[in-house]
Each structure stands twice: as structure tokens, then as C-alpha cells.
Amino acid sequence: MKDEVDNREDRVANLKGMGCSRKRVEDARFTQGKGNYVDDVKLDGMLFGDFVRSPYAHARITSINTEEALKVPGVLAVLTAADLEPLGLHWMPTLAGDKQMVLADGKVLFQGQEVAFVVAQDRYAAADGIEAVEVEYEELPVIVDPFESLKSDVILREDLDPTADGAHGPRKHPNHIFTWEAGDKEPTEEVIANAEVVAEEEMYYHRTHPCPLETCGCVASMDKVNGKLTLWGTFQAPHAIRTVVSLISGIEEHNIRVISPDIGGGFGNKVGAYPGYVCSVVASIVTGKPVKWIEDRMDNLMTTAFARDYWMKGKISATKDGKITGLHCHVTADHGGFDACADPTKFPAGFMNICTGSYDIPTAYLEVDGVYTNKAPGGVSYRCSFRVTEAVYFIERMIEVLAIKLNMDAAELRRINFIKKEQFPYTAALGWEYDSGDYHTAWEKALTTVDYDGLRAEQAQRVEDFKAGKTRKLMGIGLSFFTEIVGAGPVKNCDILGLGMFDSCEIRIHPTGSAIARLGTISQGQGHATTFAQILASEIGLPADSITIEEGDTDTAPYGLGTYGSRSTPVAGAATAMAGRKIRAKAQMIAAYLLEVHDNDVEFDVDRFVVKGAPEKFKTMKEIAFAAYNQAIPGIEPGLEAVSYYDPPNMTYPFGAYVCVMDIDVDTGVPEIRRFYALDDCGTRINPMIIEGQVHGGLTEALAVALGQEIAYDDMGNCKTGTLMDFFLPTAWEVPNYETDYTVTPSPHHPIGAKGVGESPHVGGVPCFSNAVQDAFRPFGNTHTNMPHDHWRIWKMANDLGLHD
Amino acid sequence: MIPAAFEYYRPKDMDGVLTLLAEHGDDARVMAGGHSLIPMMKLRMADVPHLIDMQDVGGLSDIEITNDSIRIGAMVTQSDIIAHDGLSEVAPILREAALQIADPQVRYMGTVGGNVANGDPGNDMPGLMQCLDATFTLIGADGERDVPARDFYEAAYMTAREDEEVLTAVTLPLPKGGYAYEKQKRKIGDYATAAAAVQIVKNGDTCVSASIAMTNLSDTPIYSADAGAALVGTSVDDAALKAAVSAMDGDIDPTEDNRGPIAFKKHVAGVILRRAIERAWSRA
Ligand SMILES: Cc1cc2nc3c(=O)[nH]c(=O)nc-3n(C[C@H](O)[C@H](O)[C@H](O)COP(=O)(O)OP(=O)(O)OC[C@H]3O[C@@H](n4cnc5c(N)ncnc54)[C@H](O)[C@@H]3O)c2cc1C
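Residues numbered from 1 in each chain as written. Chains lettered and ligands numbered in written order. Predicted model: local features only at pLDDT ≥ 70, side-chain atom pairs only at ≥ 80, totals over all residues. Heavy atoms only, no water.

Caption draft 1: Region of interest: the overall build of chain B. Within chain B one finds 12 helices and 14 strands. In terms of overall dimensions, chain B is globule-like: its C-alpha atoms have a radius of gyration of 19 Å, near the 19 Å expected for 284 residues. Its C-alpha atoms put chain B at 55 × 45 × 30 Å along the principal axes. A buried classification covers 53% of the 284 residues belonging to chain B. Long-range contacts, defined as pairs at least 24 residues apart, comprise 61% of the intrachain contacts of chain B with a sequence gap of at least 6. (Helix = DSSP H or I, 4+ residues; strand = E, 2+ residues; numbered from the N terminus. Rg over C-alpha atoms; globule rule 2.2 N^0.38 Å. Buried < 20%, exposed > 50% of the residue type's maximum accessible area, 1.4 Å probe, protein only. Contact = heavy atoms within 4.5 Å.)

Caption draft 2: Seen up close, the overall build of chain A. When helices and strands are tallied, chain A shows 20 helices and 33 strands. For 805 residues, the compact-globule formula gives about 28 Å, and the C-alpha radius of gyration of chain A, at 28 Å, lands near that figure. By residue count, 64% of the 805 residues in chain A fall in the buried class. Long-range contacts, defined here as pairs at least 24 residues apart, represent 80% of the contacts in chain A between residues at least 6 apart.

Caption draft 3: Molecular detail of the pairing of strand β15 (residues 306-318) of chain A. Residues and elements named next belong to chain A. Of all 13 residues in β15, 10 are buried, a share of seventy percent or more. In the sheet, β15 pairs with strand β18 (residues 378-380) via 2 bridges, with the strands oriented parallel. Residue pairing for β18: Phe-306 is matched across the bridge by Gly-378. In the sheet, β15 pairs with strand β16 (residues 324-336) via 9 bridges, with the strands oriented antiparallel. Looking across to β16, one finds that Lys-313 is bridged to His-330. (Pairing = 2+ DSSP bridges.)

Caption draft 4: Geometry of the domain arrangement of chain B. According to the domain assignment, chain B contains domain 1 (7-52), domain 2 (63-173) and domain 3 (178-283). Relative to domain 3 of chain B, the C-alpha centre of domain 1 of chain B lies at a distance of 35 Å. (Domains from an automatic or database assignment.)

Caption draft 5: Examining the nonpolar core more closely. Residues and elements named next belong to chain A. Core analysis: the largest hydrophobic core is formed by 184 residues, its most contacted members being Phe-117, Phe-351, Met-352, Val-368, Tyr-434 and Phe-769. Ranked by residue count, the leading element in this core is helix α11 (residues 388-406), at 12 residues. Discounting residues that sit within four places of it in the chain, Met-352 has contacts with Tyr-310, Met-312, Cys-329, Val-331, Leu-366, Val-368, Phe-386, Arg-387, Glu-390, Ala-391 and Phe-394. (Core = buried A, V, L, I, M, F, W, Y, C linked by side-chain atoms within 4.5 Å.)

Caption draft 6: Inspection of the domain arrangement of chain A at higher detail. Residues and elements named next belong to chain A. Domains assigned within chain A are domain 1 (8-35 + 503-646), domain 2 (38-140 + 215-263 + 271-303) and domain 3 (306-487 + 651-800). Taking only C-alpha atoms into account, the centre of domain 1 sits 40 Å from that of domain 2. At the junction of the two partners, domain 1 supplies 21 residues and domain 2 supplies 19 residues. On the domain 1 side of the interface with domain 2, the three residues burying the most area are Gln-524, Thr-554 and Tyr-559, jointly 38% of the side's total. A salt bridge links Arg-257 to Asp-555, with the nearest nitrogen and oxygen atoms 3.7 Å apart. (Buried area = accessible area lost by both parts, 1.4 Å probe. Salt bridge = Lys/Arg side-chain N within 4 Å of Asp/Glu carboxyl O.)

Caption draft 7: Broad picture of the site of the ligand. Residues and elements named next belong to chain B. Near the ligand, the surroundings consist of 30 residues, among which Val-30, Gly-33, Gly-34, Thr-111 and Asp-124 are the closest. Here an oxygen atom of the ligand sits 2.8 Å away from a polar atom, N or O, in the main chain of Ala-32. Note that an oxygen atom of the ligand is positioned 2.9 Å from one of the side-chain N or O atoms of Lys-183. In the complex, 94% of the free accessible area of the ligand, which totals 960 Å², lies under the protein chains. Of all the elements in the fold, those that place two or more residues in the shell around the ligand are β2 (28-31), α7 (112-118) and β10 (166-173). Among the elements that take part in the shell around the ligand, α7 stands out by supplying 4 residues, more than any other. Looking at the shell around the ligand, its residues break down into 13 nonpolar, 12 polar and 5 charged. (Near = heavy atom within 4 Å. Polar contact = N/O pair within 3.5 Å; in protein donor to acceptor, adjacent residues only side chain to side chain. Areas by Shrake-Rupley, 256 points an atom, 1.4 Å probe, with all protein chains shown as cover. Nonpolar A, V, L, I, M, F, W, Y, C, P; charged D, E, K, R; others polar.)

Caption draft 8: Fine view of a negative patch on the surface. Negative charge collects at one region of the surface, where Asp-26, Asp-27, Asp-47, Glu-154, Glu-162, Asp-163 and Glu-164 of chain B lie side by side. Secondary-structure assignment places Glu-154 of chain B in strand β8 (residues 153-155). (Patch = residues over 30% accessible without salt bridge, like charges linked within 9 Å, V, L, I, M, F, W, Y side chains within 5 Å. Lys, Arg positive; Asp, Glu negative; His and termini not counted. Charge placed at Lys NZ, Arg CZ, Asp CG, Glu CD.)

Caption draft 9: Up close: the environment of Val-486 of chain A. Residues and elements named next belong to chain A. Residue position: Val-486 is located in the loop between β21 (473-483) and β22 (495-496). Judged by relative accessible area, which is 0%, Val-486 ranks as buried. Along the backbone, Val-486 and Gly-756 are 270 residues apart, and their C-alpha atoms lie at a distance of 7.1 Å. Those residues in contact with Val-486 that lie beyond four places of it in its chain are Ser-385, Gly-565, Ser-566, Pro-570, Met-651, Thr-652, Pro-654, Lys-755 and Glu-759.

Caption draft 10: Region of interest: the sheet that holds strand β27 (residues 602-605) of chain A. All names here are of chain A. Spatially, 3 strands are ordered β27-β28-β29 in an open sheet, and the strand pairing comes out antiparallel. Strands with a single pairing partner mark the edges of an open sheet, and in this sheet they are β27 and β29 (614-620). Strand-to-strand, the axes of this sheet are offset by a mean angle of 35 degrees, without reference to chain direction. Contacting β27, β28 (608-611) and β29, helix α16 (residues 568-595) runs over the sheet at an angle of about 45 degrees to β28. (Axes fitted to C-alpha atoms, helices over the stretch in contact; angles between N-to-C directions.)

In C-alpha cells, the structure reads:
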């Protein structure tokens, strides 16, 4: 067997390995409507379940009458908490160490809460059944404000002992969930008290929602003959779901098979466990038939995991010439009716303690108070690692506020405070060890590319023109420099409900030199089947096109914690490289045997092992694969397989520099994005095309959040943004052209130096868009105004500053 | 998001439609493009036990242009309006407005008749038709009658049309002079935060007639005769613009919603109207 291509460059190209903009292998099926999503799962005799939901945000349930519903043709059963209680399933544990009602147990705590589960022959009958269930409510006082909640006599969670500790320590009030601290309180307070300059600001990072195009759903099928439960669902963490289902149902884990089929976006919304999953499983056990549950858009927006809702109060101190000396941050976190945040268990406020950002801040302190209110539970990381968007928004706003206080250019203020290249690995005041970075280079590149000084000059002219009545449009220059913390994470400090956050890859090489690799992660559109094959191609010298990547079936894939928090490449990608290296190590021994030399006398070269100093003597990986299975080699077992479970030594810290130029119509509040430049440094770049796609998507979701996307409630706890008419999901019309750029600073501890990129653009984009709006009004006295910057709120900024006659 | 069960009918002619309407009274509704009605049924905000689809009723999809008027059949779609060459020559405001309704998918289905009969204050065509002084033709058991667009709207979802009547056509005099349809919305596919339809006639440097109607700023479209009158006889200078805006402001009555509070809507209505007048004037 001899390879067709001999030229080294051609051999490299043939692999389509790392660095190649390989076309996405998934797209053939997605663009032809041939994807297989959970709603495409159709089984014989399958039933459909759906929820009766509470119209009230806080109410006692005095009665539930299912009689009429059971008469509706096609309706087979109606489950209530009373039916689940004997099984101990009327409540379920949340990922945050709290518990949540599966079906309303005596009261409801948010509008849209699950009250009863109607099981019917099809979804139409289920919808009619829902209408016929009679529920009597006795309304209770509603609390939608976390500050009021901490003062109120109204106890939201009557199931909890009001004085007992919660999952994260002491509670100050029956509606208080936890206090979480990082850093040094007194030293920080002292530095701030004695500082030359202090800037203070309060900011609200509004509640929003990940809103994946495909909503959440599942199909549960209990096979009573063999005792096996199969659960298809929109799970971002299928193995974790299997373990949780086993723990709460008592079904042994080997009898549960969880399958995440194609997933139409997750963005954190599909990490947690929802009542729909539990009810579907119970309904399947009760009826002996498969049961499907699929959310509609309103269910999704109103009930499954929201994001953000952080009230942040900051103080930042500096010397007169702008060297930052201290940072203080307090957060009041609105978690809704149950604490169902999806964070590593020891981090109830996620990685909010990355809030010192990209700056060398010697002293800092962070305190977060979690609070119950009458809103939907959640608090997931919407396209970000745990609470990192909140942290980056906080620091990137504080920098701007400090720049105003110092009367200094905000780009310059960033420059003089960046952590320097030679300081890495850098231990931040709030504890994290940043792996690598070169912030100054990235910043200079960004500012030069956009001609920052020219933009500032143009802006100054615009202000003059505005004051002279020559224009009604202001110009804003939004800056943001972010450092992410992704790749959770080291098992020593990262677990979810005790499940360590390692990840895994298992590779099987076939005799003819192709391969299948299975991972513990699950793609929701990120293109894992494309990029992980590229990592492997470079590691094991077989073409990416000859490697199948499979994820999402717990019966076949190795255990892993799934895909969110930009962890797939940092953790599973590392496992892939490490497993590939095990393959290569065995291949080396086989090659040496075949070439009749000592193991150390052969070396790996792209797609083959060659005899050192005699490149004409070689065995290709294809030949080696065949020999591994078909030739008796003394001392070596047949076969060529490997598995790696990778426990990362540290997180990875991608960073980037973004600039947005915006023109704002002062009279209508309409912003127009003239330019958006995004420089990302995600370390080693596996597939530049996929990176660019991720950046476009993340920026678009950032634009959404900054400019209008929110989950808003009225005083009665009614959700005002339950449909896509009011919940802003940008389309091609609203999205500007993005300019992408990069620098490469590999992670020193990651096997291939990659850091993860899917979330960076969202994390860095939100403050960049927001800063652009705020910067436009800076010359007229704006210091800080809360997002979302939709038309009327931008108009109000202008109006409050007296810019309308 | 699943409607309650309903009977579906697809009559071949108007007689069939009227017979069904007579039989089922207000338990029946006609459906044109369905892009307002079906969402309401899915949200179970409209209860329609008998749904009469008008897609097979002939004779409702023509656009006829004569020397002094335009007649648009009720089932003409918004996309037909955009694509029709003759129409965009004689009444370009129709195309300009239609292009600002929803998105292409919706416009392929949504009809002129449905848009004006619906009675939703968010719809763009009612205000447009008031500006153009259109007349709606209704047919019922007792034959046909005409109602001026400016008299048609009573309150949100309440119009001069009786439950047993069907709107068959919209007729309008050939518009004269300059035009503009100006709309502010939050995103593509959104109803107006504020919209203004303006048709203006100029003689020399003087405005000789002006017609102004506003959308989504009250529970009905608002034809503001006073705003138009404020421009007539002027050179549409700053004072006249201010007078027109102020007259319009007295006629509208917006409510607060997710698009913003009342003060904002009133302000934006003024800005949008001013821009519409300026654009129409520049084209007059
Ligand atoms: C996402 C989205 C965005 C939209 N954005 C806009 C927008 O920006 N501006 C805008 O103006 N519209 C908008 N629409 C509405 C769209 O233009 C509708 O198509 C239009 O309002 C109704 O037309 P239809 O043919 O679909 O009517 P249908 O939905 O079929 O009917 C609407 C109502 O009118 C009645 N009706 C219909 N035809 C007749 C008739 N001939 N005689 C008597 N009664 C009749 C029906 O019984 C029903 O009550 C939007 C719709 C969607 C889904």
C-alpha cells in the first residue's frame, strides 16, 4: 500500500487537519432539512404530554379538577403533584443544590409554572385537555423586585425552613438564597477609602433568555419488558441527565439510555433538568407508551431557563493618572422562584469573580446575594461561561465610568491597566490564574485597524455640528476588551452535583485506516463533527474526511459533562488530542516493528512514521492501522483504540478587542451600527471558518441583548415578552457587517493550545454595543444608563439629557 | 399555540360564503391570508368554530386602474401590490407602505382586504387608505354597500362591517402630488411604533391640499384633517410643519406598551410625521 500523495505539503492538505477552513460536514443534512431533532423522533403508539400552566405569579392552589379534561376525546391521563408524590417525584433537585416543584405542590411561584401534565393521543387533544382542567387559585402578594423580596414579610418558599442554611451557607432572610464572596473585603475597602480617585456606579444587567431556535423537549420511552428507559431530548449534557434521572427515579444507570439527537441551538437553555422531562418519564412508565413533550415558543421564553438578572453595584479606585488600585462589586442576583442556576456547584454565582477583567487590579472584593422572587427559575450562562457576561459587562462599564471621572480616553485607560504579556501566568486578585495573554498587541492592532484617533476626531466634529444644529445624529464609539474564563473545569474545584467536570474521547481506528471517535460533549450547532475530526487528523495522520465523530448517545459515548461554557474544545478537545496521542504511541511501536528498527528510530511525519534519517523508509498510518488488526506482532495486542478522560489543569482564558461605531438618531432613539470590528484571540485556531461563524453568531446575540432583548415582567409578575413579537431576535435585517480579526496566543497548558471561542463574541460584544450607545451621550453628561438600549430607552437618554426641545 | 377545533369550509363563490355566514352568524369568520387570524386562533384569543377560507372564491384578486380611480380586490396580497407595475406608477405610496409591512413571507399571504377588515390598530393599510380617502365595498345578504375608510373604524377590532358582511374591494381616487409612508418599528416584522401616511399637492410653492393619517397611535387609525389643513396655503415651512404636528398630536391617543411610554410615542409620532411631510413635499 502506498499513498497517492507524496509531496509533504499535499499530504498535510489531504488531512484537512488543524488550521484548515474545512467545510462543515453537518451542513449537508441541515441545509437539506435532513437533520434529526427531537421532534422528528416518532415512535409507534407515541403519546403527547403538555402542561397546564399557572396564569398567576404567586398563588395558592385550592383545587385541581381533572374530571372534564379526562372526558376530552384523546386525553388519557392528567398528572398532578398528588400523583407524583407517592413516587417522590413531585419535587426534583436543581443543579444549584435547591429543589424545584415538578408540578405545583400547593402553590405556584411564577407565571407559567407547571401545574398539571395532560397526556393525550396527540398534541391537539392535549391542548384541548389543558383548557378543560379546572384549577382554583387564591392569589398571593407578588414580588418581582429582589430588594423588596429581602425586606418582605411574604415568604415565597414555604417549603424551606426559614432559618436553616441553604446549599451555599447561611441565609439572611427567608427569601434569601446565599451569600457568596471572593477576594479580600477589608483591604479592598481600605484601598478605596484612601484612593486618589474613586468612581461608583450601579447597573442592572436585565433578565433575558437564550431563546434557541429549537425549544426544549424530549421523548421518554419505558420498555417494560426489558426494563430499559430511553430518553431522547434536547440535552446539552446527556450523561449528566442520565445520572440525575437515575438518582431521582431509582432506575439503575445501565438501564437508562439518554440520546441527544441534533440540537437546534442551546446557549445554556438546555443544560438544566425540566419538569417536562420528569413528567414524560413518569407518563411513559404509567402508560407503557412513549411520551413526547415539546415546548412551544411561549413556554420556552416564559418558563425554561432565563439568563442574567444581576443588580451590580461597583466601586473602582485609581491614582490620578489612571492606575487602578482596587475594585469592589456587590451583586443582588434575582434567581426567580427556585434556584435552578446551572453553575459548577462550588460557584453559586458562577465565575463572576473574573470581574477584574483584563486589568492588573491588585485588590478586589466581590459579594453576591442570591434572592428568590416570583419569576421563572434559571440563571443559566447564555452563550457564556458561568456569569462571565455579567462580569465582563460590569468591568467594561466600570472602566468607562472611571475614564469619565478621570476625564481620560477610555482606550488609554485600558492600555495603562492591562495585565502585561510578561505577567502571565497571572494570578488575579479574585483568585483565578490566567494562562496566557498579549493584550497590548491585540489592543494596538484593533485601534490601528479602525483608525481610533480618526474616529475620535470625527466624533468631536459631530458633537460640534450637533450643538450648532447641523445634525440630529450623535456618534458613539464602543470599546471593549474582554478576558473570558472557559473550559470548566479542573475536577479539584469544578463539579456539578458532585460530577467532576472532566471530559472524554474514545477513538477506534478501523483496519482500513478510517476511524470513529466518540466524545462526552454534544454539538448544538458548533460543528463538533467537523472540528474534532480536524484535531484528530493532525494528531493521528488520517484524513479528517475518514473520521466520524459521534456524540450524544450515552450507551456509546464515553462519560462527559456536555457542551456549554465554551468547554468542548478546552476539555473534550484536549481529551481528543490526548487519545490521539495514545493511538500514535501504539502506532509508533507497530511502525518500528514493520520497519524492523527500534521504536525510537522512527518519527511521526504528518500521516506516517518514517525511519529517522531515511525518509524513504516509512509506514503510513493507513498501513499501520491494517497491520494493527491483521498482523501478529510480538508483545503488542491486536487493535488500535484509545480512550482519554481529560481533567484540565486550569481553565483557558480567551480574550479579544472589539470596537463598534454607531450613529444614533436622537429624536427617534434609533441606533445604526456603522462598523463592528472584532479581534479574537482563542489560542490555536482549529477551523478559521467555524471561528468566524461563531463570532458572527455571538455578536448577533450580543447585539440582541444590548439593544432590546429582555424578559420583562409587570408588577403582577406577568411576563410581558412571551412571544417573538416582543422578544427581540435579530434577523439579517438588523445585523451589521462584522469585520473579524485575530491574534494567536496559545494556551500553555492545553495539549493543542486551543482556548474556545463560541462565547467570546457574546461576552465581549454586549459591553461593546452598550458602550457605543453610552459613549454617544458621554459629551452631554451620560455616565451610565442601563440596557437594553431599545428605541424608547435611547430616546429617554436623550430626553433626560435635555437634547429634545 | 394550538387552536381549538374548528370546521373548515372552502366555498367556490361569494354566495357560498354568504350562506355560511348567514347560517353560523358570529360563530363563523372568513379567512383571507390568515396571517392575523390564525395567530389569534392559536393563542386562543379568537374562537372560530366555523372557518371560511376565501382562497377559492374568484373575482377578488384584481387590480383595476381607470382614469380617475383604482380598485383593488380584497384578496390582492401585499406582495401583489409591490409587484404590480402600473400600480406603483399611479400610486407609489401603496408600494412604499406595503414594503414596510412585516416580511416577504407574510406579504405573500397577507391580503389588502384582510389588512383593512381586521381592525387591528397596528395594521398599516387602514391609515394608508384613510389618507387616500378610499372606500370599502361590503357585500351582505341585502347586496352591496360602500363605506368610506374614514368612517369604517370604531375601536380596536370594531368596524362598520356587520358579522355577515364580506369586504370585496377597496376603491380609491387616483392619488395626486407627492407622497410618503414613514414608519418606525423595532425590527423587521414589527408593527409600527408610529407611522404616517402623507399625500400632498403643490402649486408653485404653495401646498394646495394635504392628507395625513397616522397608524398605531390610537385604538383606530387616525385621519387628521386638521394636520392636513395646517399645511394648506403654506409653503410647508417650519411653522407649518410645527402646526401640522401639533394638530396631529391633538388627534392621537397612544397607550404605553413594550414599544415605549406615551410621551415617547407622541414625540416619535411628531418626528415621523414631520419627516413624512418633508419627503412628500420634496416629491410633490
Ligand atoms: C409576523 C407578522 C408581522 C406582521 N406585521 C405587520 C405589519 O407590520 N403591518 C401590518 O399591517 N400587518 C402586519 N401583519 C399582518 C398581516 O399583514 C396580515 O396578513 C393582515 O393583517 C391580515 O391579512 P390576512 O389576509 O392575513 O387576513 P386574515 O388573517 O385572514 O384575516 C384577518 C381578519 O380580517 C377578516 N377578514 C379577512 N378578509 C376579509 C374580508 N374580505 N372581508 C371581511 N373580513 C375579512 C378575518 O375574518 C379576520 O378577522 C403581520 C403579520 C405577521 C404574522
